[in-house]
Amino acid sequence: MVAGFVFAIILEMFLFNYKFYLTKDNDMVDCQIHYGSGLVSDGNSEYEVKDTSDRAILLDGFNSEVNCIRLNMKKYDAQERKWTGVPVTLYATDEANSIPMNMGNRTVYGDVGKSQYAYVHLAGKSNQIKIVPEVNQGDKLYIGKVELNATIPFHFVWERMALVFLAVILVYIFRPNSSLYRYKFSTKSRVQRGISFGLFLILSVLFIKSTLLNPMYTDPQWTSHQQYQRLAEALADGHFYLNEEPCQALKEMDNPYDKYKRIEVMEQTKSSFLWDHAYYKGKYYVYFGIVPELMFYLPYYLVTGNPFQTVWAVGICGVLILFALSKLLQEIVRRWFPDCSYLMYAAIYVTSAFACGLIYFASHADFYALPIMTGVFFAMMGMWLWLRSIRMKEQISGVCLCLGSLCMALVAGCRPQILLILLIVFPFFWSRVIRERQLFSKGSIGKTIGAILPFVLVAAGIMYYNYARFGSPFDFGANYNLTSNDMTRRFTSIYLCLEGVFVYFFQPATVGMKFPFLQAAPSEYAFLGNNIHEVMYGGFFVCQPVSWCLLGIRKVKSIMKEKKIWGLFWLLLVSSIGLAVVDTVGAGILPRYYGDFSWMLLTAIVLVMLALEEMARRTGNESVLKRYHAILTLLCAVTIGYHVMLFFANERTYLSLGNPKLYYNICYTVQFWL
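One structure accompanies this document, and this report is about it. (Residues numbered from 1 in each chain as written. Predicted model: local features only at pLDDT ≥ 70, side-chain atom pairs only at ≥ 80, totals over all residues. Heavy atoms only, no water.)

Let us now look at the overall build of the protein. Scanning the protein from terminus to terminus reveals 25 helices and 17 strands. Taken along the three principal axes of its C-alpha coordinates, the protein extends 95 × 75 × 50 Å. Across the 674 residues in the protein, those meeting the buried criterion constitute 53%. A total of about 30600 Å² of accessible surface is found on the protein, and carbon and sulfur atoms cover 60% of it. Positive and negative side-chain charges in the protein, numbering 60 and 49 respectively, have mean positions lying 15 Å apart. (Helix = DSSP H or I, 4+ residues; strand = E, 2+ residues; numbered from the N terminus. Buried < 20%, exposed > 50% of the residue type's maximum accessible area, 1.4 Å probe, protein only. Areas by Shrake-Rupley, 256 points an atom, 1.4 Å probe, with all protein chains shown as cover. Lys, Arg positive; Asp, Glu negative; His and termini not counted. Charge placed at Lys NZ, Arg CZ, Asp CG, Glu CD.)

Have a look at this one:
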């Protein structure tokens, strides 16, 4: 422990601050600064961008060796109407280049001191440096000090040191020779229950805090993100359609779902419409699941008369998912892998929490997250309660069976496609129903009713809700969405299905040396047609190393058959891939849809991971067991690392725009070598 603390201190003082030692003896270089004609000064360090063709800042009038450029700059984005970082490209001459060469680019945010200092590598003396900011016409630039050969300040970052110390401790705890692997998972152990609760609490706090980091989502200004609040107001007024009246131009259109024609009509008539709302027979509706509305928005509005903030609904749902995940994993271990080490369970739980889609929802705490998150929560709870109902060998627990059915039924009111998980009734209850006749028999009428009635009641409510809005009990209204394509004319194509499977599962990630080290995957697709694509960061099987455990499926086939989970494994695996195909065909390729199926896929992977550990234990060879523990925990660690990078990935999270000070502080604290 002490050695780890000393190690963290040494790294912080010397390695992470090595640029201070390289520049502490620097002599400042005097230079002349020239601003391009496209930058018009207001006389107070601010420059308006009038012409992007001549926006460079030129430094000359010197002939010296230069190893550090200080740039105190930030940009006011005219489109986003906020101050943010400035991507700049640096050019310089040296003894090998008489014409300024491109040295690369970096992003500067003047409110973060560490971002201002660029350590450069030139061949001998330089006599000219050019700085080209990436700006648009109408933007403003704040330009403070521009200096050559400034000393890079010494920054002792306590948070970085603490994280290094924590990493050392975790490596020590999860090392292959750790004696802690000998402790079996046990719900009777107070120590283990305390640690499990601590992990749940830590992950819950991290998730909630993460959702609050970006003001773009704590107070979203996009009209489409207010739908549940509008629905609460409509329901309070006694009807299902929204109070907002569609414009006459929209009502008169032959096909209001034709995106480009709709935009043309709106421009011609100087009208507007509600983006991403369902439009049907002259009224606006919300096609997203009704259950999140009934859980959060409507009760809060009826009691207080105020709108419920979506970010808090996302935070609550994240905590609920973490709870349901812990219960589901504990039930799996208790039922099928009672010899599992507690340390292995803890690693699996934390990894699953990161990998099940919560990272995306933490970075995108918006309205679109809620139907998926509530659907996943109820599906997890339903699966856990159904497993719990057959825990006892004698009889099915009627209470758990009924509550599990209620949770599963509520999935339909959140995210209907997740109902594919209902296929687990076959491996779960087959022997209890077919062989032992514990359901659907004369002696089990009460339990049978308890299993079916929740589905009947919830289905009746949802079917009435659908019929009252769209004239059909089976029409959820998603096809009437005013979005980027005509959903009423969506089509099924084998090429589109293959594209979805590739992108969601097999596309490699793009990794670089710049924070957050994960960049958007290439988006060139072969499918020629109308489909929705958002920025993606690699497929599940490629980028989440825990999935590589599936390569060992043949080794544990006999164990899984022995435990009667072979069919369950394949059902979860095929259902998750099938759900990805359904999402692709039904709506497109979007990162939030990982939340629909990733938890099912992870459950299948967890079964294999636990079976691999048991296989290694059965060999009786301690070295084999240690090797498997090392491999499995390493896969967990790399998977968590991928999702940490994913949280900060620039093309998708907008944290650099919504909270630039935090983003660039973290960026240059982690990226200490730039």
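Further notes follow.
Tallied over the entire structure, the rule returns 17 salt bridges. Close ionic contact of Arg 334 with Glu 331 constitutes a salt bridge, the shortest N to O distance being 2.8 Å. On the criterion of helical spacing, the pair formed by Arg 334 and Glu 331 is a turn pair, its members being three residues apart in helix H10 (residues 310-336). Residue classification places Glu 331 among the buried residues on the basis of a relative accessible area of 1%. With its nearest N and O atoms 3.8 Å apart, the salt bridge here joins Arg 415 to Asp 583. Of the two residues, Arg 415 is situated in the loop between helix H14 (398-411) and helix H15 (425-435) and Asp 583 in helix H20 (residues 566-586); the sequence distance between them amounts to 168 residues. The buried category is assigned to Arg 415, whose relative accessible area is 12%. (Salt bridge = Lys/Arg side-chain N within 4 Å of Asp/Glu carboxyl O.)

Strands belonging to one sheet form pairs held by backbone hydrogen bonds; the direction of such a pair is parallel or antiparallel. In space, the five strands of this open sheet follow the order S1-S4-S12-S8-S9, with antiparallel pairing throughout. Edge positions in the sheet fall to strand S1 (32-35) and strand S9 (97-108), since each has one partner strand and no second. Ignoring which end each strand starts from, the neighbouring axes of this sheet average 20° apart. Of the strand pairs in this sheet, S1 and strand S4 (residues 57-60) are connected by four bridges, and their pairing is antiparallel. Paired with His 34 across the strands is Leu 58, a residue of S4. (Pairing = 2+ DSSP bridges. Axes fitted to C-alpha atoms, helices over the stretch in contact; angles between N-to-C directions.)

Under the counting rule described, the total for this entry stands at 54 aromatic pairs. Geometrically, the ring pair formed by Phe 470 and Tyr 480 is tilted, given 5.3 Å between the ring centres and 40° between the ring planes. Taken together, the positions of Phe 470 in helix H16 (residues 445-470) and Tyr 480 in the loop between H16 and helix H17 (494-506) put the pair ten residues apart, joining distant regions of the chain. When sorted by exposure, Phe 470 lands in the same class as Tyr 480, which is buried. Put simply, the rings of Phe 16, Tyr 18, Tyr 109, Phe 515, Phe 517, Phe 647, Phe 648, Tyr 663, Tyr 664, Phe 672 and Trp 673 touch in pairs and so form one group of aromatic residues. Above the face of the Tyr 172 ring, Arg 175 is positioned so that its terminal group lies 4.1 Å from the ring centre. (Phe/Tyr/Trp six-rings, centres within 6.5 Å; stacked < 30°, edge-to-face > 60°. Lys NZ or Arg CZ within 6 Å of the ring centre and 35° of its normal.)

Sheet topology note: the strand S8 (residues 86-94)/S9 ladder contains eight bridges and is antiparallel. When the bridges of S9 are listed, Leu 90 appears paired with Gly 104. Between S8 and S9, which follow one another and run antiparallel, lie two residues.

Among the secondary structure elements, Tyr 183 is positioned in the loop between helix H3 (158-173) and helix H4 (190-211). Contacts of Tyr 183, omitting those with residues within four sequence positions, involve Cys 340, Ser 341 and Tyr 342. (Contact = heavy atoms within 4.5 Å.)

Turning our eyes to something else, we now look at unusual backbone geometry. Cis geometry is found at the peptide bond from Phe 515 to Pro 516, where omega equals 5°. Residues other than glycine seldom take positive phi values, yet Asp 276 does so here, at roughly 65°. With respect to the helices, strands and loops of the structure, Asp 276 is situated in the loop between helix H8 (259-269) and strand S14 (278-280). Although it is not a glycine, Lys 281 sits at a positive phi angle of roughly 50°. Relative to the assigned elements, Lys 281 resides in the loop between S14 and strand S15 (283-285).

Of all the five residues making up strand S12 (residues 129-133), four are buried; the element is thus mostly covered by neighbouring parts of the structure. Of the strand pairs in this sheet, S4 and S12 are connected by three bridges, and their pairing is antiparallel. Bridge pairing in S12 places Leu 58 opposite Lys 130.

Of note, Leu 122 is situated in the loop between strand S10 (117-119) and strand S11 (125-126). Residue class for Leu 122 comes out buried when judged on its relative accessible area of 18%. Put simply, Leu 122 and Glu 12 are 110 residues apart on the chain and 27 Å apart in space, counted from C-alpha to C-alpha. Ignoring sequence-local partners within four residues, the contact set of Leu 122 consists of Val 66, Ala 92, Thr 93, Asp 94, Met 101 and Met 103.

Below, the discussion takes up the nonpolar core. Ile 424, Met 560, Trp 599 and Leu 607 are the most contacted members of the largest nonpolar core, which totals 175 residues. Considering each element in turn, this core owes the most residues, 17 residues, to helix H21 (residues 594-618). Residues within four places of Leu 607 in sequence aside, it is in contact with Ile 332, Trp 336, Phe 337, Met 560, Ile 565, Leu 568, Phe 569 and Leu 572. Counting residues in hydrophobic clusters, the runner-up holds 26 residues, among them Tyr 47, Val 49, Val 66 and Ile 129. (Core = buried A, V, L, I, M, F, W, Y, C linked by side-chain atoms within 4.5 Å.)

Turning our attention to the packing of H4 against H10. In contact at an axis separation of 9 Å, H4 and H10 are set at 155° when each is read in the N-to-C sense. When the axis of H4 is compared with that of H10, the two are roughly antiparallel. Note on packing geometry: the crossing formed by H4 with H10 is right-handed. Only Val 311, Trp 312, Val 314, Gly 315, Gly 318, Val 319, Leu 322, Phe 323 and Gln 330 of H10 make contact with H4, whose side of the interface consists of Ser 196, Phe 200, Leu 203, Ser 204, Phe 207, Ile 208 and Thr 211. Of the residues contributing to the contact of H4 with H10, the split by class is ten nonpolar, six polar and no charged. (Parallel < 35°, antiparallel > 145°, perpendicular 65-115°, else oblique. Left-handed = near helix turned anticlockwise from the far one by under 90°. Nonpolar A, V, L, I, M, F, W, Y, C, P; charged D, E, K, R; others polar.)

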